[in-house]
Amino acid sequence: MPNAVIVGTQWGDEGKAKVIDYLTDKSDLIIRFQGGSNAGHTVIVDGRKFVFHLVPSGIISEGKICIVGNGVVVDAKQLLNEIDELEKGGIFVDNRLMLSDLAHLVLPYHKALDSATESNKGDGKKIGTTGRGIGPAYADKVSRNGIRAGDLLDWDLFCTKFKANFAAAKRHVELICNGQFDLDENLILDEYKSIRERLLPLVKDTCHYIFEANRAGKKLLFEGAQGTFLDVDHGTYPFVTSSNTVAGCACTGAGVGPLTIDHCVGIVKTYTTRVGNGPFPTELNDAAGELLQRVGKEFGSTTGRTRRCGWFDSVMVRKAIQLNGITRLALTKLDVLNELDEIKICTHYKIDGQLTDQYPSCTHKLERAVPVYETLTGWKCDISGCKEFSQLPKEALDYVKRLRELCYDTEALIVSVGPDRAQTMEVEPF
């Protein structure tokens with residue numbers, strides 16, 4: 001398999017982990033390149049469910065090397081908890097997991113800042129953050145005050161940086177946000193002294209490791225988190241995450257040059273969902289939306305929050321293809337549409353009475369977008385047992401065909417008809 005990057009084409013929750021798990025068999029290194037523990041990736045293998053927030057999804061495949069890249073902000077306690085849970089389930093990390101020495105750490109004061117800042121916002125201005133400290137950690141990184149995994153190598157240096165940042169966070173929460181800051185500096189440092197002992201064996205110069213692996217002909221799979229329209233530059237700003245989620249971030253977030261990547265796989269849920277606040281043109285607040293939520297089990301794996309559901313929006317997926325340079329689509333959750341008599345696809349928007357097939361860059365325009373639909377006939381049967389793409393009923397094949405036509409005729413790599421690894425059909429391989 002060529003080197004490939006995996007990105008979500010919507011607002012996250014598209015099923016990236018399942019596709020990553022599927023492609024892991026053809027890869028040697030799986031590299032997470034952005035985001036933090038606000039992402040939740042779920043993999044189901046032979047009925048066993050694994051939920052990852054920081055550890056790359058490929059870790060459940062024996063012998064695969066997994067890397068948490070420099071672009072990720074890492075809650076060390078969460079990372080170690082995931083390792084412990086994996087080992088309880090009989091999956092041993094051993095020497096297969098590495099953490100970039102350049103990755104910034106999410107520390108307890110970042111979570112306090114996150115919660116206080118969100119609580120301090122007025123009605124209608126809340127972002128819907130997960131409260132995991134991701135935004136404040138990236139803010140420290142950009143303001144050049146962050147603490148990186150490599151800083152743990154020098155405990156005195158770590159303590160000096162921590163104490164300065166802790167004091168600044170306390171002032172911000174108490175004086176600016178008028179909140180309570182109940183953290184104990186000494187208790188946290190004692191905890192991190194223990195965390196340090198476990199974490200340091202994972203800390204490596206991963207940029208060099210990836211470079212040498214690529215030179216040796218190893219196959220690289222770059223794992224993104226969230227989705228294109230949560231990108232801090234290109235998403236529905238300000239209702240976005242704090243990192244760049246598009247494919248270009250794989251280079252900066254893993255420390256590789258752009259020519260390292262051969263393909264970009266865009267994960268596309270065959271309807272649309274969103275967690276948190278922000279505009280959502282095709283959102284359904286009716287029986288069809290309730291059906292998608294119920295059958296699709298649309299609850300966030302990180303927060304447990306109910307996902308908003310709507311019809312497939314080809315306008316936004318076309319924009320995702322433009323932004324990421326997507327060469328293959330991976331279509332997920334097709335089986336969730338089994339019960340519908342009719343299925344709608346958004347082909348255009350009307351904004352202030354003007355018809356457009358392009359996704360607006362400005363959020364205030366998207367808020368005024370009225371979706372224009374075409375309607376296809378549903379297949380009204382269970383497709384979850386189909387093993388080959390050709391076995392799908394004609395109506396399902398027509399639906400997939402139409403989605404592809406509306407998405408610049410981009411080839412479909414796989415189609416998923418259920419949550420298990422086995423419920424995945426390869427259509428047009430690399």
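Our subject is the structure listed above.
Let us look at the structure shown here.

About the criteria used
- Residues numbered from 1 in each chain as written.
- Predicted model: local features only at pLDDT ≥ 70, side-chain atom pairs only at ≥ 80, totals over all residues.
- Heavy atoms only, no water.
- 1 Å grid on protein atoms, 1.4 Å probe; cavity = no way out; pocket = protein on both sides within 12 Å on 5 of 7 lines; lining within 4 Å.
- Points joined across faces, edges and corners; volume = space filled by probe spheres on them.
- Helix = DSSP H or I, 4+ residues; strand = E, 2+ residues; numbered from the N terminus.
- Nonpolar A, V, L, I, M, F, W, Y, C, P; charged D, E, K, R; others polar.
- Buried < 20%, exposed > 50% of the residue type's maximum accessible area, 1.4 Å probe, protein only.
- Axes fitted to C-alpha atoms, helices over the stretch in contact; angles between N-to-C directions.
- Left-handed = near helix turned anticlockwise from the far one by under 90°.
- Contact = heavy atoms within 4.5 Å.
- Salt bridge = Lys/Arg side-chain N within 4 Å of Asp/Glu carboxyl O.
- Parallel < 35°, antiparallel > 145°, perpendicular 65-115°, else oblique.
- Pairing = 2+ DSSP bridges.
- Disulfide = S-S within 2.5 Å.
- Lys, Arg positive; Asp, Glu negative; His and termini not counted.
- Polar contact = N/O pair within 3.5 Å; in protein donor to acceptor, adjacent residues only side chain to side chain.

**A closer look at the layout of surface pockets**
Here the second largest pocket defines a volume of roughly 260 Å³. What lines the second largest pocket is a set of 16 residues, among which Tyr138, Lys141, Val142, Ser242 and Ser243 lie closest to the centre. Among the elements of the structure, helix H4 (134–142) and helix H8 (249–254) are those that each provide at least two residues to the lining of the second largest pocket. Across the lining of the second largest pocket, the residue classes break down as six nonpolar, nine polar and one charged.

**Some words on helix H1 (residues 16–24)**
Counted residue by residue, H1 has nine buried out of nine residues, so it is predominantly covered. Looking only at H1, the buried set comprises Lys16, Ala17, Lys18, Val19, Ile20, Asp21, Tyr22, Leu23 and Thr24.

**Quick notes on the packing of helix H5 (residues 155–176) against helix H6 (residues 185–199)**
Running from amino to carboxyl end, H5 crosses H6 at an angle of 145°, the nearest separation of the two axes being 11 Å. Considering how the two elements wind past one another, H5 and H6 form a crossing that is right-handed. For the pair H5 and H6, the contacting residues are Trp155, Phe158, Cys159, Phe162, Lys163 and Phe166 in the first and Glu185, Ile188, Leu189, Tyr192, Lys193 and Arg196 in the second. Considering only residue class, the contact of H5 with H6 consists of eight nonpolar, no polar and four charged.

**Brief notes about the pattern of salt bridges**
In total, this model carries 24 salt bridges according to the counting rule given. In this structure, the salt-bridge partner of Asp75 is Lys111, at a minimum N-O distance of 2.7 Å. On the criterion of sequence distance, the pair formed by Asp75 in the loop between strand E6 (73–74) and helix H2 (76–88) and Lys111 in helix H3 (residues 108–119) is long-range, its members being 36 residues apart. Judged by its relative accessible area of 5%, Asp75 falls in the buried class. Note that Arg198 and Asp84 form a salt bridge whose closest N and O atoms lie 2.9 Å from each other. Taken as a pair, Arg198 in helix H6 and Asp84 in helix H2 lie far apart in primary sequence, 114 residues in all. Relative accessible area serves as the criterion here: at 27%, Asp84 is assigned to the partly exposed category. The network of salt bridges with common partners includes Asp13, Lys269, Glu298, Arg307 and Lys333.

**Side note on the environment of Ala330**
Residue placement: Ala330 occurs in strand E15 (residues 328–332). Taking the relative accessible area as the measure of exposure, Ala330 reaches 0% and is therefore buried. Spatially, the C-alpha atoms of Ala330 and Gln34 are 20 Å apart, while their sequence positions differ by 296 residues.

**Quick word on the packing of H3 against H5**
In the contact formed by H3 and H5, the axes pass within 10 Å of each other and the chain directions differ by 15°. Relative to H5, the element H3 lies roughly parallel. Crossing of H3 over H5 shows left-handed handedness. Contact with H3, carried on its side by Tyr109, Ala112, Leu113, Ala116 and Thr117, involves Phe162, Asn165, Phe166, Ala169, His172 and Val173 of H5 and no other residues of that element. Tallied by class, the residues present in the contact of H3 with H5 amount to eight nonpolar, three polar and no charged.

**Concerning the sheet that holds strand E11 (residues 263–269)**
Taken in spatial order, the ten strands line up as E9-E7-E5-E2-E10-E1-E11-E15-E19-E20 in an open sheet, and their pairing is mixed. Lying at the two open borders of the sheet, with one neighbouring strand each, are strand E9 (203–204) and strand E20 (424–426). In the packing of H1 onto the sheet, the strands contacted are strand E1 (4–8), strand E2 (29–32), strand E10 (220–223), E11, E15, strand E19 (412–416) and E20, and the crossing angle to E1 comes to about 165°.

**Focus: the state of the cysteines**
A full pass over the atoms with the stated rule returns zero disulfides. Unpaired in terms of disulfides, Cys264 finds its nearest cysteine sulfur in Cys251, a separation of 11 Å. With relative accessibility at 3%, the residue Cys264 sits in the buried group. Left unpaired, Cys346 is separated from the closest cysteine sulfur, that of Cys407, by 11 Å.

**Some points on the side chain of Lys18**
Tracing the backbone shows Lys18 in helix H1. For Lys18, which is buried and forms no salt bridge, the nearest opposite charge comes from Asp335, at a distance of 7.0 Å. Within the structure, Lys18 has its side chain in polar contact with the backbone oxygen of Asp420 (distance 3.0 Å). If we skip the residues at most four places from it in the chain, Lys18 touches Thr42, Ser416, Gly418, Pro419, Asp420, Arg421, Gln423 and Thr424.

**Some remarks on unusual backbone geometry**
A cis geometry characterises the amide bond from Tyr237 onward to Pro238, with omega recorded as 10°. Along the polypeptide, Pro238 turns up in the loop between E10 and H8. In this structure, Asp94 takes a positive phi of about 50° despite not being glycine. One can find Asp94 in the loop between H2 and strand E7 (97–100). Overall, Asp94 belongs to the exposed group, its relative accessible area being 59%. The backbone phi angle of Gln226 is positive, close to 60°, even though this residue is not glycine. Gln226 sits in the buried class, given a relative accessible area of 9%.

All we've got here are geometric facts, nothing functional implied.
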